[in-house]
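Coordinates in review
One-letter residues, chain by chain:
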Amino acid sequence: MHPLVVNFEADFVLQLLPVEADFTMDQVAEAAAFHSLNRRVKPQSGKTLRVRVQDADVPLGREVTVAQAGLREMETVEVYYE
Amino acid sequence: MALLNRSDWYDIARDTNWTPKYVTEDALFPPQMSDCFDIPREKWAGYDEPYKTTYREYVKVQREKDAGAYSVKAALARMKFFEGADPGWLSILKAHYGAIAVQEYAAGMAEARMARFGKASGMRNMATFGLLDETRHGQIQLYFPHEHVNKDRQFDWAHKAMHTNEWGAIAARHMFADMMNTRDAVSVAIMLTFAFETGFTNMQFLGLAADAAEAGDFTFANLISSIQTDEARHAQIGAPALKILIENGKQEEAQRKVDIAFWRSWRLFTVLTGPMMDYYTPLDKREKSFKEFMEEWIIGQFERNMLDLGLDKPWYWDIFLEELNDTHHGMHMGVWYWRPTVWWNPAAGASSAERDWLEEKYPGWNDTWGQCWDVIAANVAAGREDLLLPQTLPVICNMTNLPIVGRPGKRWKLRDYHLDYKGRRYHFGSEPDRWVFEQEPERYAGHTTLVDRFVAGLVQPPTIEGALQYMNLGQGEIGEDAHGYDWAFDYQNFRKQAV
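Residues numbered from 1 in each chain as written. Chains lettered and ligands numbered in written order. Predicted model: local features only at pLDDT ≥ 70, side-chain atom pairs only at ≥ 80, totals over all residues. Heavy atoms only, no water.

Moving on to the overall build of chain A. Each helix and strand counted, chain A has two helices and four strands in total. Order of helices (α) and strands (β) in chain A, N terminus to C terminus: β-β-α-β-α-β. Taken over the C-alpha atoms alone, chain A extends approximately 30 × 20 × 20 Å along its principal axes. Long-range pairs, those at least 24 residues apart, make up 62% of the contacts in chain A between residues at least 6 apart in sequence. In chain A, 8 positive and 13 negative side-chain charges are present, and the distance between their average locations comes to 8 Å. (Helix = DSSP H or I, 4+ residues; strand = E, 2+ residues; numbered from the N terminus. Contact = heavy atoms within 4.5 Å. Lys, Arg positive; Asp, Glu negative; His and termini not counted. Charge placed at Lys NZ, Arg CZ, Asp CG, Glu CD.)

Shown next, in the form of structure tokens:
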């Protein structure tokens with residue numbers, strides 16, 4: 001288990017997100033969405049969820065894995081609609 | 001024989017200082033227990049407590065206060081307020097007693113530290129009465145809820161909460177221990193009595209008393225008003241201590257400690273008092289919003305107290321003012337969404353009429369917090385209970401031990417104020433929380449939040465159920481929506497009519 005801290009766009013709270021080191025960023029976004037979308041955040045159709053490290057200017061590649069991106073345990077990532 | 005006036009003998013009688021011959025000054029008053037500012041003992045002779053009372057006077061007044069509070073309780077017990085009370089109001093009582101009652105004993109220990117280790121005889125005298133005050137507050141706030149335990153098991157948490165690993169209890173213990181039980185007497189005087197009691201106890205014990213009276217809970221209104229009369233007296237230990245510190249060139253250090261205690265108090269009140277005032281109190285019983293009470297008691301009065309003493313406003317004052325609009329809404333939503341993890345039943349407070357009130361008091365509420373409550377209300381209407389309960393934990397601040405929250409919806413503003421220290425990443429809910437940690441990192445670094453413990457494998461099984469077990473929350477105790485989701489159906493019907 002590789003825990004991350006997720007800040008999901010338009011949600012109100014940071015959440016603990018257990019993922020695996022070989023998860024791609026698309027899988028991270030999907031896992032994060034499970035805890036926010038349709039619970040407290042309305043989905044936005046036709047848009048893609050992206051992942052970026054907090055304060056980064058650009059998102060991580062969608063196929064890049066957690067390990068490849070060098071995300072440390074409890075790294076804070078933002079998941080947002082592009 | 002004619003009695004002397006108190007003013008004729010008070011100073012002599014309370015001045016129990018003497019010159020030690022058999023021990024050193026530091027052995028009698030160890031700096032880590034007495035005065036970390038290291039003000040010479042003779043300077044403390046100038047300490048002048050503004051409120052002077054004698055033991056005889058104290059006992060007489062306290063006896064009358066107790067007689068009043070207990071007789072109101074006995075008289076009103078026959079009115080069966082409990083049976084007819086709004087579930088949201090009962091949640092206020094449960095949350096209040098669990099968070100406060102046992103901590104009063106810890107406050108008694110803090111007063112005892114000042115009573116023993118304060119170098120000023122006036123401080124020792126006042127703190128002796130403060131110790132008796134806090135003992136009374138502990139006893140009375142455990143006795144009053146006890147009559148409800150046979151009707152509702154959550155009231156058992158008045159005594160139980162502080163002995164568990166429930167997250168709110170950890171947060172309260174961490175904050176109160178920081179300012180009350182792990183500091184020298186002088187620091188306790190300025191952090192507990194000045195920063196916390198002068199400002200914030202007014203919010204919980206006077207502001208809430210106004211709502212209690214409106215709600216018809218005269219027993220509770222009378223009880224907490226009675227307590228506040230004690231607080232108003234022993235809270236005055238801090239100001240003359242600050243005066244001595246400032247006169248002796250310690251303004252900067254004193255300011256720093258006041259700033260720490262103020263911020264920590266503020267943050268705890270966002271989860272305790274904010275939701276009570278703006279969401280749990282029935283709408284027609286609310287006297288003012290949490291923000292309005294804060295503006296009256298904290299901005300109006302406490303700010304003036306600080307400036308009068310020669311202190312500045314804390315460096316984070318603008319951040320604090322901005323937080324008045326947001327933070328407690330986030331704490332409320334966190335408590336509601338993770339309601340199985342608390343010992344009371346959170347009232348959502350999001351019916352159509354309540355939303356109108358929130359929008360009026362907090363312009364923009366519908367575009368932010370309302371966006372989330374829209375989704376929640378729709379899930380209630382659709383019977384999606386699976387989406388109304390959490391499947392993971394919120395990330396917890398390494399200072400407050402409270403969820404890290406921000407503003408949702410159309411004006412989304414949420415971030416992690418993290419810090420790497422000695423190879424460990426710490427997460428904070430605000431810039432001032434991180435600043436507090438940075439003032440004395442070794443003081444705080446070893447503590448683990450509930451989430452830290454979860455990640456470290458100390459919570460087994462690593463599920464929500466395992467977390468509830470770790471927090472000692474059993475069936476009949478875990479929180480549910482206070483009104484069985486009635487508010488959501490009301491809001492959904494309102495929306496349909498609007499369409």
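In many analyses, interface size is given as the accessible surface area lost on bringing the parts together. Facing the 26 residues of chain A at the interface are 41 residues of chain B. Summing both sides of the interface, chain A and chain B together bury roughly 2,800 Å²; the carbon and sulfur share of this comes to 60%. Our count for the contact surface shared by chain A and chain B stands at four salt bridges. The shortest N-O distance in the salt bridge between Lys42(A) and Asp374(B) comes to 3.8 Å. Seen at the junction of chain A and chain B, the total is 17 residue pairs in polar contact (both at pLDDT 80 or more). The biggest single contributor to the side of chain A that touches chain B is strand S1 (residues 2-8) of chain A, with four residues. By residue class, the composition of the side of chain A that touches chain B is 12 nonpolar, six polar and eight charged. (Buried area = accessible area lost by both parts, 1.4 Å probe. Salt bridge = Lys/Arg side-chain N within 4 Å of Asp/Glu carboxyl O. Polar contact = N/O pair within 3.5 Å; in protein donor to acceptor, adjacent residues only side chain to side chain. Nonpolar A, V, L, I, M, F, W, Y, C, P; charged D, E, K, R; others polar.)

Residue and element names in this part refer to chain B. The end-to-end C-alpha separation of helix H8 (residues 167-181) is 20 Å, in line with the 21 Å expected for 15 residues at 1.5 Å each. A large share of H8 lies buried, amounting to 12 of its 15 residues. Residues Trp167, Gly168, Ala169, Ile170, Ala171, Ala172, His174, Met175, Phe176, Asp178, Met179 and Met180 constitute the buried set of H8. Along its buried surface, H8 packs onto helix H5 (87-117), helix H9 (185-214), helix H12 (251-280), helix H15 (327-337), helix H19 (441-444) and helix H20 (450-455). Its side-chain oxygen at 2.6 Å from the backbone nitrogen of Gly168, Glu166 defines the N-terminal cap of H8. (Expected span 1.5 Å × (residues − 1). Buried < 20%, exposed > 50% of the residue type's maximum accessible area, 1.4 Å probe, protein only.)

Take the pattern of salt bridges next. Residue and element names in this part refer to chain B. For the structure shown, the criterion picks out 44 salt bridges over all chains. A salt bridge links Lys288 to Glu296; the nearest nitrogen and oxygen atoms lie 2.3 Å apart. Overlapping salt bridges bring together Lys65, Asp66, Asp133, Arg136, Asp230 and Arg233 as one network.

What follows deals with H5(B). All names here are of chain B. An ideal rise of 1.5 Å per residue puts 45 Å on 31 residues; H5 measures up with 45 Å between its terminal C-alpha atoms. Counting buried residues along H5, 26 of its 31 residues qualify, which places the element largely inside the surrounding structure. The opening residue of H5, the one whose side-chain oxygen lies 2.6 Å from the backbone nitrogen of Gly88, is Asp86.

Core analysis: the largest hydrophobic core is formed by 161 residues, its most contacted members being Ile298(B), Phe320(B), Trp373(B) and Trp487(B). Ranked by the residues each element gives to this core, the list is headed by H9(B), at 17 residues. If you look at the next biggest cluster of nonpolar residues, it comprises 22 residues, including Val19(A), Met25(A), Ala31(A) and Ala33(A). (Core = buried A, V, L, I, M, F, W, Y, C linked by side-chain atoms within 4.5 Å.)

What follows deals with the packing of H5(B) against H9(B). Residue and element names in this part refer to chain B. At a closest axis distance of 12 Å, the pairing of H5 and H9 adopts a crossing angle of 155 degrees. Here H5 is positioned roughly antiparallel relative to H9, judged by the angle of their axes. In this structure, the crossing between H5 and H9 has a hand that is left-handed. Between H5 and H9, the residues in contact are Trp89, Ile92, His96, Ile100, Glu104, Ala110, Glu111, Arg113, Met114 and Phe117 and Ala185, Val188, Ala189, Leu192, Thr193, Glu197, Gln204, Phe205, Leu208, Asp211 and Ala212, respectively. Split into classes, the residues belonging to the contact of H5 with H9 amount to 13 nonpolar, three polar and five charged. (Axes fitted to C-alpha atoms, helices over the stretch in contact; angles between N-to-C directions. Parallel < 35°, antiparallel > 145°, perpendicular 65-115°, else oblique. Left-handed = near helix turned anticlockwise from the far one by under 90°.)

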